[in-house]
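Chains, contacts and geometry: an overview
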Amino acid sequence: MTNRDRFLEEHRDLTRRYFLHIGAAAMAGLTLSPEGALGAEHDRFLAEAMAKLEYLTPESRFAGGGRGKPPPYEMTADQRRAVGLERETWQLEVITDPASNVRIERPLSKELGTALDWEALMDLAKRCAVRYLKVATCLNVSHINGMGLWEGVPLRDVIWMTRPTANLRRVWYHGYNSDASKPGPGFQSSLSVNRVLEDPPGEQPVILAYKMNGDWLTSKRGGPVRLVVPDGYGFKSIKWLQRVVLTNDPNPNDTYAGQNNDVDSPMKTLARFLQAPQTILAGQAAAVTGVAQVGASGLSKVQVCLLPKNPPWPSDDPDLIAADWKDAQILPPPEHWGGGLPDGRLPPVPAQFHADGRPLTWPLRNAIAHWAALLGAPAAGRYELCCRTIDANGVAQPLPRRLPQSGRNEIQRLPLSVEAVAG
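Notes on the structure in this doc start here.

Parameters and conventions
Residues numbered from 1 in each chain as written. Predicted model: local features only at pLDDT ≥ 70, side-chain atom pairs only at ≥ 80, totals over all residues. Heavy atoms only, no water. Helix = DSSP H or I, 4+ residues; strand = E, 2+ residues; numbered from the N terminus. Buried < 20%, exposed > 50% of the residue type's maximum accessible area, 1.4 Å probe, protein only. Areas by Shrake-Rupley, 256 points an atom, 1.4 Å probe, with all protein chains shown as cover. Pairing = 2+ DSSP bridges. 1 Å grid on protein atoms, 1.4 Å probe; cavity = no way out; pocket = protein on both sides within 12 Å on 5 of 7 lines; lining within 4 Å. Points joined across faces, edges and corners; volume = space filled by probe spheres on them. Nonpolar A, V, L, I, M, F, W, Y, C, P; charged D, E, K, R; others polar. Salt bridge = Lys/Arg side-chain N within 4 Å of Asp/Glu carboxyl O.

Quick look at the overall build of the protein
Counting its regular elements, the protein contains seven helices and 21 strands. Per-residue burial for the protein yields a buried fraction of 52% across its 423 residues. Of the roughly 18900 Å² of accessible surface on the protein, 51% is carried by carbon and sulfur atoms.

The structure is reproduced here in structure tokens:
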């Protein structure tokens, strides 16, 4: 079973409780109003049905692997230990770009014997560790890899240890390179020093992460230490972190930079189906469910619509602006977050949650939300079932950033056949 299949199975089991509460008779007669109101009674059933929804992805179900030949997680523990990829041998260098004029007073260097080791990282964690929820997703892939509760030390605290004094504009960072056929740094990425040192309002810090869902990072997830950029796509959150380079060069060094990608793009907001019928009967309701990725622009609505295939949709409306969109129901935050946490309960997450465990806002940016809808079936014929998000600024997907170089967020369109009722 693939990671995506497991996620679908989880989602299917939990969302079906909502539709079972409504009941077959209610489903047959219930369609979404233009405002998407299901009524107070149905909302109550919905909240109860979703109380045990697992939003956090267990390590075993998290999608995405790694690079290298072999990737570090396929190496033996002794091999990883020898190259500094076990906690007892891990070290992080924070040094200057030799081609730049950055000035720092205290480089963290293996050569000088001053590199940051695991013990020093844990000392930092005692006073400045943070936790937050973040979804993992790829720039050029339209599905979600999983969501974790990440814990780590802000990268800025480590950079300040070097006492930078002048000419620092960008932070380059590298993961371990296990591919002997390609000497030099492994997978690499970069950030403006401003994003590292100062968080925009409501944003979480860039961290040196060492835990996910309360457990030490496995090698497959980038352990012992990886970078996590809360508002960035996956290639920004480099695994197997070993080196940070401070530079006055304003250009990115990202592995993806030469592949026609916008390497400084924050995550986009988008909706995807997880369960949708392929065939329904005319006059009956279709139950559809899905997941929304909440990007930089937030999330206010998820919407669904049916497009007739005949006549074809006008080519001058590729974003389906004139379609008959109906509001879906964004599911409330769960009581059971899953992910292998004891009893599914979150530890304190003060930057995103109240002391009683309620999110400060919902849905959370840089995280996911599940959604469900009942859509009344029209006359018999061939259709496309579509979903989209409306962000917190009132802008409909795929805008405000339609270009795929800054992340995949096209409107998902699935075929649907509506059949006439016999007799």
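Following the structure, the description resumes.
Quick word on the sheet that holds strand β16 (residues 301–308)
Strand order in the open sheet formed by five strands is β14-β21-β20-β16-β17, and the pairing between neighbours is mixed. This sheet does not close on itself; its edge strands, each paired only once, are β14 (279–281) and β17 (326–327). Where strand β20 (residues 381–390) lies against strand β21 (residues 412–419), seven bridges are found, and the strand directions are antiparallel. Bridge assignment links Tyr 383 to a residue of β21, and that residue is Leu 416.

Things to note about empty space enclosed by the protein
By rolling a water-sized probe across the atoms, one finds the places where empty space is left. Scanning the entire structure with this criterion turns up one cavity of 30 Å³ or more. By volume, the largest cavity is sized at about 30 Å³. In terms of lining, the largest cavity is formed by Thr 137, Cys 138, Val 141, Ser 142, His 143, Ile 144, Tyr 233, Leu 270, Gln 293 and Arg 408. By residue class, the composition of the lining of the largest cavity is five nonpolar, four polar and one charged.

Some thoughts on the pairing of β16
Along β16, six of the eight residues are buried, which leaves the element largely enclosed by surrounding structure. Across eight bridges, β16 lies against β20 in antiparallel orientation. Bridge pairing links Val 302 to Thr 389 in β20. As paired strands, β16 and β17 are joined by two bridges and run antiparallel to one another. Paired with Gln 303 across the strands is Asp 327, a residue of β17.

Quick look at the sheet that holds strand β15 (residues 285–293)
An order of β13-β15-β19-β18 is seen for the four strands of this open sheet, with the pairing classed as antiparallel. The open sheet terminates on both sides in strands that have one partner only, identified here as β13 (270–275) and β18 (329–330). Here β15 pairs with strand β19 (residues 368–376) via nine bridges, running antiparallel. Directly across from Gly 290, in β19, lies its bridge partner Trp 371.

Quick word on the pattern of salt bridges
In this structure the tally under the stated criterion is 23 salt bridges. For Asp 78, the salt bridge goes to Arg 81, with nearest N and O atoms at 2.6 Å. Placement of the pair is Asp 78 and Arg 81 together in helix α4 (residues 77–82), with a separation of three residues, close to one helical turn. The class of Asp 78 is exposed, set by a relative accessible area of 57%.

Focus: the layout of surface pockets
The calculated volume of the second largest pocket comes to roughly 300 Å³. Together, 17 residues line the second largest pocket, and Leu 346, Phe 353, Asp 356, Gly 357 and Arg 358 are the ones closest to its centre. Considering only residue class, the lining of the second largest pocket consists of eleven nonpolar, two polar and four charged.

Let's talk about unusual backbone geometry
For the bond from Gly 223 to Pro 224, the omega torsion is 15°, close enough to zero to count as cis. With respect to the element layout, Pro 224 can be found in the loop between β10 (215–216) and β11 (226–228). Following Asn 310, the chain continues to Pro 311 via a peptide bond in cis, the omega torsion being 5°. When you line up the elements, Pro 311 lands in the loop between β16 and β17. Not every positive phi belongs to a glycine, and Trp 240 is a case in point at roughly 50°.

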